[in-house]
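Fold and contact review
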Amino acid sequence: MNGVGRGEPRSGHWDTSTFTTEFGQEFEADRGMRLRRRFVWYTGIVGGAFLLLALLDFIDLFAADPTLRPAYAFTAQRFQMVVTLLTGAVYLGALLYVRSRRGMAVRAVFWLLLGYAVLALVSAWLGRYAGAELRSDGTIERNEAIGMVWYWKLLLAHVLASMFLPWTPHEALRPVLPILVLNALFVLFSGDGPWVKVFAIAGTPLIAIAGMTICWWRHSRYRDRFAFKALRGRYTEMKREL
């Protein structure tokens, strides 16, 4: 279809009794430009936030009291800081990738969220050891519930992307499907308690539903505003011709 390049977003079938082919092409072209522009802002802000978190981890490593935590906790925190840096680099790399290529934003978001899911899993696993503390009786206390930590990270990441990007619900669902399967499998073998595992698995669809609901609401509003603007422009052209 003219005006829509390979890899450009498509919002579905248009009702030809209401919208012309030309109108549909204009809508997709405009949405594609908005998606690329928003993607650049999204990856820039999120990537910068992860670099800032890595800097705070670096500062915390020097400020922490070594007598309050086991030695391996500091080693795990160093690795966690590296993962945070890598996550920021992945987001900023996606920004540069999309800026250098036209019509690749939807595909880039798909692989970006999958990559983040894997890195967030590694970070959650390292967090089990990085957060360990020495008790007064000499025993070590650490957080074993890494499945829930990863769950909330995935939910936040998908909701944040849905708030930034002008996705359709279908586009928002695609990257989260393999993540949902991976999350359910991981939670089964995590150190969470049985009831926490039940909640994490039963609540897994919420990751998709929350983001898709936001996308449906935002996409519907944008489509209606675009339709009104386009029809008003056509009406103005008709008045000039009469």
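Residues numbered from 1 in each chain as written. Predicted model: local features only at pLDDT ≥ 70, side-chain atom pairs only at ≥ 80, totals over all residues. Heavy atoms only, no water.

Quick look at the environment of Trp216 now. As for its position among the elements, Trp216 is in helix 7 (residues 204-241). Overall, the relative accessible area of 54% leaves Trp216 in the exposed class. Note: C-alpha distance between Trp216 and Pro166 (50 residues apart in sequence) is 9.5 Å. (Helix = DSSP H or I, 4+ residues; strand = E, 2+ residues; numbered from the N terminus. Buried < 20%, exposed > 50% of the residue type's maximum accessible area, 1.4 Å probe, protein only.)

A separate point is a nonpolar patch on the surface. On the surface, a cluster of nonpolar side chains totalling about 710 Å² of accessible area is made up of Leu52, Leu53, Leu55, Leu56, Phe58, Ile59 and Phe62. Taking the relative accessible area as the measure of exposure, Phe58 reaches 39% and is therefore partly exposed. (Patch = residues over 30% accessible without salt bridge, like charges linked within 9 Å, V, L, I, M, F, W, Y side chains within 5 Å. Areas by Shrake-Rupley, 256 points an atom, 1.4 Å probe, with all protein chains shown as cover. Salt bridge = Lys/Arg side-chain N within 4 Å of Asp/Glu carboxyl O.)

Turning our eyes to something else, we now look at helix 5 (residues 169-188). With 20 residues, helix 5 should cover 28 Å at 1.5 Å per step; its first-to-last C-alpha distance of 28 Å lies within 8% of that length. At Val176, helix 5 shows its strongest bend, of approximately 35 degrees, with the proline Pro178 following within four residues. Of the residues making up helix 5, those classed as buried are Glu171, Ala172, Pro175, Val176, Ile179, Leu180, Asn183, Phe186 and Val187. (Expected span 1.5 Å × (residues − 1). Bend = angle between axes of the 7 residues up to and from the residue.)

A few words on the confidence of the model for the protein. Averaged over every residue, the pLDDT of the protein is 77; the share at 70 or more is 75%. The secondary-structure element of the protein with the lowest mean pLDDT is strand 2 (residues 140-141), recorded at 60, while helix 2 (residues 71-100) shows the highest, at 88. pLDDT under 50 marks residues 1-7. Its contacts with residues more than four places away, or in other chains, come to 12 contacts. Predicted confidence is poor over residues 12-19, with pLDDT under 50, and the contacts of this stretch with residues over four places away or in other chains come to seven contacts. (pLDDT = per-residue confidence, 0-100. Contact = heavy atoms within 4.5 Å.)

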